[in-house]
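Each chain, letter by letter, is given below.
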Protein chains: 2
Amino acid sequence: MSQPSTRAIPEPTLRRLPAYHEFLKKLRAQGKTLVSCTHISEALGVYSTQVRKDLAVTGIVGRPKTGYDIVELMRSIESFLGWDDRRSAFLAGVGSLGSAILGYRGFESHGLNIVAGFDTDPGIVGTEVHGKTILHLDRLTGLARRMHVHMGIITVPADVAQDVADRMIAGGIYAIWNFAPTSLRVPDNVVVQNENLASSLAVLSNRIANREP
Amino acid sequence: MSQPSTRAIPEPTLRRLPAYHEFLKKLRAQGKTLVSCTHISEALGVYSTQVRKDLAVTGIVGRPKTGYDIVELMRSIESFLGWDDRRSAFLAGVGSLGSAILGYRGFESHGLNIVAGFDTDPGIVGTEVHGKTILHLDRLTGLARRMHVHMGIITVPADVAQDVADRMIAGGIYAIWNFAPTSLRVPDNVVVQNENLASSLAVLSNRIANREP
DNA sequence: TAGATTGTTAATCGATTAACAATC
DNA sequence: TAGATTGTTAATCGATTAACAATC
């Protein structure tokens, strides 16, 4: 096709692609060079037809009877998920969770570059956490605009999350990764990804209650 | 009906209930006593019919024209999600993310009691982190069995996550909250909730690419 | 009563699963 | 060639959305 597809990629597919990539990394470390959907299917508990459809969105083409080239498939996933790019992000709220995220090296290989942390605590502002400079929250809006940062990570308590989101949006940030347990009001052109641990815990607890013993 | 319903609660419903609860907390703080589904619907961006169905699973009954009593509804959600109970859990991997989770006070009100942390680093073993004792990983299996702990939280690097999961299961743990970016092989009677930040980032990045400017 | 809201049933939509044709 | 595997189309399933009846 000559024009870019407008059909949205299903969210479950997007969530599975990194898991496939992780599995492929293991296979590659074992010296394997080829993989079939059946193989991935058995390892991750996803129907092989589903795996095939998921992989297809990345543009990879497999070979009947042999499967996919592992390195080629990994590159295809990386490029599709934008792991080759560098997206700059600001993080607000350098508490224990914020510090953990600042220090997580895994994001670097996923195209995410957290360039600075922001907080209001005078004991933290001006220091470095995991090599990242911590600045006062009052500087977030201006710096986001000046540095063309478009992604924000919110790790502040729930009661100040909306204020932080407003400051981010005022600075031109249009993608927010929200770890505060509260929903944010944002304009239509701003995308928010909520990371709610209470929700995940609710799912796990319910599965415990309904599990076969 | 006289026997307990066997129909599983939809996962999206379970994920939304804590968000409703959070919103109700705000309303209560404002001195409100009643709430309608329309009100919740507008605040959280969920269709009011959906809200009504979600709330119904908790057993709450509303009153036409008036809506739901906020305090009663909060209690209904809390009781349905098991937030009145006390589930003991062990956490393995006291790095930055593990420490953050050990220190997160929000879990206490959600029925989760992390009783101890485990690690192999001699510099951490024997200390306390956020008031929780850190023990050597070798003691996890035995203590889980002796203390009847059935939930485990994995915050170790991907390459040792499977080993930690095996130790947990050997100790009688049958619910695992996995923060390591790898999928775990577990027996059928063990439930696993994967918390994969790379997956969430993939969804957010894709939404950025497809967003209306 | 009239009207707002709940609760429920039906229709729609989208993802998963199954069936099968194409291909190396 | 035969058979394993991909790629695609059709069927199923489950959640969301819409329609509407019940009720205070």
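Reading guide: rules and limits
- Residues numbered from 1 in each chain as written.
- Chains lettered and ligands numbered in written order.
- Predicted model: local features only at pLDDT ≥ 70, side-chain atom pairs only at ≥ 80, totals over all residues.
- Heavy atoms only, no water.
- Contact = heavy atoms within 4.5 Å.
- Buried area = accessible area lost by both parts, 1.4 Å probe.
- Salt bridge = Lys/Arg side-chain N within 4 Å of Asp/Glu carboxyl O.
- Polar contact = N/O pair within 3.5 Å; in protein donor to acceptor, adjacent residues only side chain to side chain.
- Helix = DSSP H or I, 4+ residues; strand = E, 2+ residues; numbered from the N terminus.
- Nonpolar A, V, L, I, M, F, W, Y, C, P; charged D, E, K, R; others polar.
- Buried < 20%, exposed > 50% of the residue type's maximum accessible area, 1.4 Å probe, protein only.
- Right-handed = clockwise from strand over helix to strand, strands pointing away.
- Pairing = 2+ DSSP bridges.

## With respect to the interface of chain B and chain A
At step 1: Each partner contributes to the interface: chain B provides 54 residues, whereas chain A provides 53 residues.
At step 2: A per-residue breakdown of the area chain B buries against chain A is headed by Leu201, Leu204 and Arg211 of chain B, which together make up 12% of the total.
At step 3: Applying the counting rule to chain B against chain A returns two salt bridges.
At step 4: In this structure, Arg207 of chain B and Glu11 of chain A form a salt bridge, with 3.2 Å as the shortest nitrogen-oxygen distance.
At step 5: Along the contact surface separating chain B from chain A lie 18 residue pairs in polar contact (both at pLDDT 80 or more).
At step 6: Those elements that place two or more of their residues in the side of chain B that touches chain A are helix H1 (11-29), helix H2 (37-44), helix H5 (96-103), strand S8 (175-178), strand S9 (191-194) and helix H8 (197-210) of chain B.
At step 7: In terms of residue count, H8 of chain B provides more of the side of chain B that touches chain A than any other element does, 12 residues in total.
At step 8: Looking at the side of chain B that touches chain A residue by residue, the class counts come to 31 nonpolar, 12 polar and 11 charged.

## Topic: the pairing of strand S8 (residues 175-178) of chain A
Side-chain positions along a regular strand alternate between the two faces of the sheet.
All names here are of chain A.
At step 1: Residues of S8 alternate between two faces, with Ala175 and Trp177 on one and Ile176 and Asn178 on the opposite face, all of them buried.
At step 2: One crossover worth recording links strand S7 (residues 151-154) to the parallel S8 by way of helix H7 (residues 158-170), and it is right-handed.
At step 3: For S8 and strand S9 (residues 191-194), the ladder comprises four bridges, and the chain directions are parallel. Bridging across to S9, Ile176 finds its partner in Val192.

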